[in-house]
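# Understanding the architecture of this molecule
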Amino acid sequence: MPTAFYSHPDCRRHHMGRGHPECPERLDAIDDFLLASGLDVALERREAPLLDLRVAGCAHESNYVAELRELMEQVASTGEPRALDPDTSAHPGTWPAVQRAAGAAVAATDAVIKGEVENAFCSVRPPGHHATRAQAMGFCFLNNVAIAARHALDVHGLQRVAVVDFDVHHGNGTEDILAGDERALMVGIFQHPLYPGSGGVPLGTNMLNLPIPPYTRGAEVRLLIDQHWMPRLEEFKPQMIFISAGFDAHRDDELGQLGLVEADYEWITRRIKAVADRHAEGRIVSCLEGGYDLGALARSVAAHLRVLAGV
C-alpha cells in the first residue's frame, strides 16, 4: 500500500507577517525538494479536506472552538489581523488553513484505519502541538495530532494509540489534552530550557517526557530513545502511532540549539515504524510541526518520508 501525502493550497494562505518563521515557504520548500529528488512519485497525493468542527470537540473545549471560529470570521470580514498571543496571530487566510491542517490529520487517520493507505504524512500548516484544550499559542490554533488521536479512539474504537513528538519544543498542548487518558501514550524529546518552558514534570503517568539540554547531538538522542521510548512503546503495544514531526531540532535551525541531522530523523522514523509494524499493522499518521530552516526542513522531511514509503 502507498504512503499518502496530504496537503492543500489553503495551508499557504495563512500568513503571520514578514519575517515570521512559520511561513508559507515551508511547504514550498518541501514540495520542491520532493519533486527534485524524485520522491514525489512514491507518494499518493491527497487533498486535505476542511475539518468538521464537531470533531475538534474530542480534543478542545467546545466554547474555545466556537470563540476561535467567531474570531477568525471577524478577521476574514474586516481584513484586520488579530494577535492571539505574542507570536501567534490570525489573518484573513488563517481559518481555512487551520481547518485544512486538522482536516488532513483526521482524513489521514480514516484512510489508514480503513486500509486505503499504509501510512500518511500531512504537509500542512499551521502546526498544532502547542494548542491546548482552550488556548492558541506557539504558532498553533487547533491541535492536529491530538484531534486525530482522539478521533481514532472515540470514533474508530481503537483501545491504544501512541503519540511520538520529536519537535525541538515540548508539545505542551498535546500533553494538556491527553494527560490522564490511559488509552494514549505520549513520548517526547525536546530541548529544555526552551519555549514553552514546560515538560520537566509530566502531567500524567501516560506521559514520557525527555527534556534534553542545548547542543545535544544525534548520538545522545538515539541512546535516550532506545533506553526510554522503545521499552515504553513496546510495553504499551499501540494499535496506531501519531507523530508530531517537528524538524527544528536540526543543527541548522535557529529556533533551537540541538544537533540533529537528516540521518537522525531517518533513524528515529525507522524505530517508530518498527514499533508500528510489530503492534499497529504499520499504521502511522505523521503531521508536520516545526522546522524553520527551509533547506534543513525539506531534506529532513524527505528522509522521514523515505522510511515511511519504504524507498
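All of these numbers come straight from a predicted model, not from anything done at the bench. (Residues numbered from 1 in each chain as written. Predicted model: local features only at pLDDT ≥ 70, side-chain atom pairs only at ≥ 80, totals over all residues. Heavy atoms only, no water.)

## So, the pattern of salt bridges
Pairing is possible between side chains of opposite charge, provided their charged atoms come close. Enumeration over the complete set of coordinates arrives at 24 salt bridges. The salt bridge partner of Arg46 is Glu44, with a shortest N-O separation of 2.7 Å. Here Arg46 falls in the partly exposed class, since its relative accessible area comes to 23%. Residue classification places Glu44 among the partly exposed residues on the basis of a relative accessible area of 28%. Salt-bridge contacts for Glu73 lead to Arg69; the nearest nitrogen and oxygen are separated by 3.1 Å. Here Glu73 and its partner Arg69 are both found in helix α3 (residues 62-78), 4 residues apart, which amounts to about one turn of the helix. Take Arg69: its relative accessible area is 40%, and that puts it in the partly exposed class. Taken together, the salt bridges that share partners define one network made up of Arg12, Asp28, Asp31, Asp40 and Arg45. (Salt bridge = Lys/Arg side-chain N within 4 Å of Asp/Glu carboxyl O. Buried < 20%, exposed > 50% of the residue type's maximum accessible area, 1.4 Å probe, protein only. Helix = DSSP H or I, 4+ residues; strand = E, 2+ residues; numbered from the N terminus.)

## With respect to the pairing of strand β2 (residues 43-47)
Both faces of the sheet carry side chains from a regular strand, because those side chains alternate between them. Here 5 bridges tie strand β1 (residues 3-7) to β2, and the two strands are oriented parallel to one another. Directly across from Ser7, in β2, lies its bridge partner Glu47. This β-α-β element, β1 to helix α1 (residues 25-37) to β2, shows right-handed connectivity. (Pairing = 2+ DSSP bridges. Right-handed = clockwise from strand over helix to strand, strands pointing away.)

## Let's talk about the nonpolar core
Counting 99 residues, the largest nonpolar core has Ile147, Phe166, Trp229 and Phe242 as the members making the most contacts within it. Looking at which element gives the most residues to this core, the answer is helix α4 (residues 94-113), with 12 residues. Once residues within four sequence positions are removed from consideration, Ile147 is found in contact with Leu51, Val55, Ala56, Cys58, Ala59, His60, Ala102, Val106 and Leu142. (Core = buried A, V, L, I, M, F, W, Y, C linked by side-chain atoms within 4.5 Å. Contact = heavy atoms within 4.5 Å.)

## Overview of unusual backbone geometry
For the bond running from His192 to Pro193, omega is 5°, close enough to zero to count as cis. In this model, Phe139 sits at a positive phi of 75°, which is unusual for a non-glycine residue. One can find Phe139 in the loop between β5 (119-122) and α5 (144-154). For Phe139, a relative accessible area of 9% puts it in the buried group. Here the phi dihedral of Tyr215 falls at roughly 75°; this positive angle occurs in a residue that is not glycine. Position of Tyr215 relative to the elements: it lies in the loop between β8 (207-212) and α7 (218-236). The exposure class of Tyr215 is exposed, given its relative accessible area of 63%.

Function-wise, these values are silent; they only describe arrangement.
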